[in-house]
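Examination of the molecular architecture
Listed below, chain by chain, are the residues.
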Amino acid sequence: MFIDTHCHLEDENFSADRVEVLERAKNSGVEKIINFGSTLQSSAKIVELAENFSELYGGIGIHPEEIDEFDEKTCLKLAELAKNKKIIAIGEIGLDYHWEKDSERRLIQQKIFIEQLDLARQLNLPVCIHNRDAHGDTLKILQTEGKNLRGVLHCYSGSVEMSREIFKMGWFIGVDGPLTFKNSAKLPEVVKNAPRDMILIETDAPYLAPTPFRGKRNEPALLIEIAKKIAEVRGETLEEVAAYTTANAFNLYNL
């Protein structure tokens, strides 16, 4: 059994064959899938999908690339969506400096990130963090504003040293398709040295399809390719990877 702990099945890329995608996931051993929102609209769609498909759960939040949508009523609207029992996290929230170079807008990202961390605390929900080219500020905010919270750094891209700090906080790292890429850089070392009870496995579908499907639409059925690579890097069996990543997902998200 596997759990895809980060996906975007609400994406229009799945509008034509979403049922078939879910069937392929089930046939490959992926029995539960957690979708994450990036806007209020996508978050509402995730609630709808979770209500209609037993294997789907959801996280809701405003992605750092979508800060222009955020206003004083956004957290209230997210809290309303979070009343659904299948909404099990706040996310995908965080910082993205890859596309945003303006220092003032980066500060706005930080403010909105902190507000949503506070929302998660109020709702007693774990959080899913997006961090792209913002390692220092992400870690600093989690260490100061993320106290008494639990969560995961989705699609982990930081250093081994940063991962150690994350693990000290009791937080998880999410491992995605980039682990299978030839240019995966430091990620194999991070995964090799990570404690078993701190690793989650994700597809981020429809993005970041693993080798040998790189460049194509990703989907939860391809989670097996990431699991195989984790097993190879860590010198474990596929069954071991399935067992502990599933246990970790249940642990973090109270599935």
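Refer to the preceding data block for the structure.
Because the structure is a prediction, the values reported are computed rather than measured.

This part takes up the overall build of the protein. Tallying secondary structure elements over the protein gives 9 helices and 8 strands in all. With respect to the principal axes defined by its C-alpha atoms, the protein has extents near 45 × 40 × 30 Å. Looking at the protein as a whole, 57% of its 255 residues qualify as buried. Long-range contacts, defined as pairs at least 24 residues apart, comprise 72% of the intrachain contacts of the protein with a sequence gap of at least 6. Accessible area of the protein: about 11500 Å², with a carbon and sulfur share of 49%.

Another point: helix H5 (residues 135-145). Looking only at H5, the buried set comprises Thr138, Leu139, Ile141 and Leu142. Viewed end-on, H5 has its buried residues packed into an arc of 165°, placing them on one side of the element. Away from its buried face, by an angle of more than 90 degrees, H5 presents the exposed residues Gly136 and Lys140. Against strand E4 (87-96), helix H4 (103-123), strand E5 (127-132), strand E6 (151-153) and helix H6 (160-168) lie the buried residues of H5.

The next point concerns the pairing of strand E7 (residues 172-175). Neither face of E7 is open: one carries Phe172 and Gly174, the other Ile173 and Val175, and all of them are buried. Where E6 and E7 come together, 2 bridges link them in parallel fashion. By the bridge assignment, leucine 153 is partnered in E7 with isoleucine 173. A crossover connection joins E6 to the parallel E7 through H6; in handedness this β-α-β unit is right-handed. Between the parallel pair E7 and strand E8 (residues 199-201), the chain is carried across by helix H7 (residues 187-193), and the sense of this crossover is right-handed.

It is the contact of helix H8 (residues 223-234) with helix H9 (residues 238-253), at a shortest axis distance of 9 Å, that shows an interaxial angle of 110°. Compared by their axis directions, H8 and H9 come out roughly perpendicular. Taken together, the residues of H9 that come into contact with H8 (itself represented by Ile224, Ala227, Lys228, Ile230, Ala231 and Arg234) are Leu238, Val241 and Tyr244. Here the residues of the contact of H8 with H9 are counted per class, giving 7 nonpolar, no polar and 2 charged.

Considering the arrangement of structural elements, one finds serine 43 in helix H2 (residues 40-52). Taking the C-alpha atoms as reference points, serine 43 and leucine 153, separated by 110 residues in sequence, lie 19 Å from one another.

Here the focus is the pattern of salt bridges. In this structure the tally under the stated criterion is 16 salt bridges. Note that glutamate 115 and lysine 111 form a salt bridge whose closest N and O atoms lie 2.5 Å from each other. Taken together, the residues span about one helical turn, with glutamate 115 and lysine 111 both in helix H4 at a distance of 4 residues. Taking the relative accessible area as the measure of exposure, lysine 111 reaches 52% and is therefore exposed. Between glutamate 219 and arginine 217 there is a salt bridge; the shortest N-O distance is 3.3 Å.

About the criteria used
Residues numbered from 1 in each chain as written. Predicted model: local features only at pLDDT ≥ 70, side-chain atom pairs only at ≥ 80, totals over all residues. Heavy atoms only, no water. Helix = DSSP H or I, 4+ residues; strand = E, 2+ residues; numbered from the N terminus. Buried < 20%, exposed > 50% of the residue type's maximum accessible area, 1.4 Å probe, protein only. Contact = heavy atoms within 4.5 Å. Areas by Shrake-Rupley, 256 points an atom, 1.4 Å probe, with all protein chains shown as cover. Arc of directions from axis to C-beta. Pairing = 2+ DSSP bridges. Right-handed = clockwise from strand over helix to strand, strands pointing away. Axes fitted to C-alpha atoms, helices over the stretch in contact; angles between N-to-C directions. Parallel < 35°, antiparallel > 145°, perpendicular 65-115°, else oblique. Nonpolar A, V, L, I, M, F, W, Y, C, P; charged D, E, K, R; others polar. Salt bridge = Lys/Arg side-chain N within 4 Å of Asp/Glu carboxyl O.

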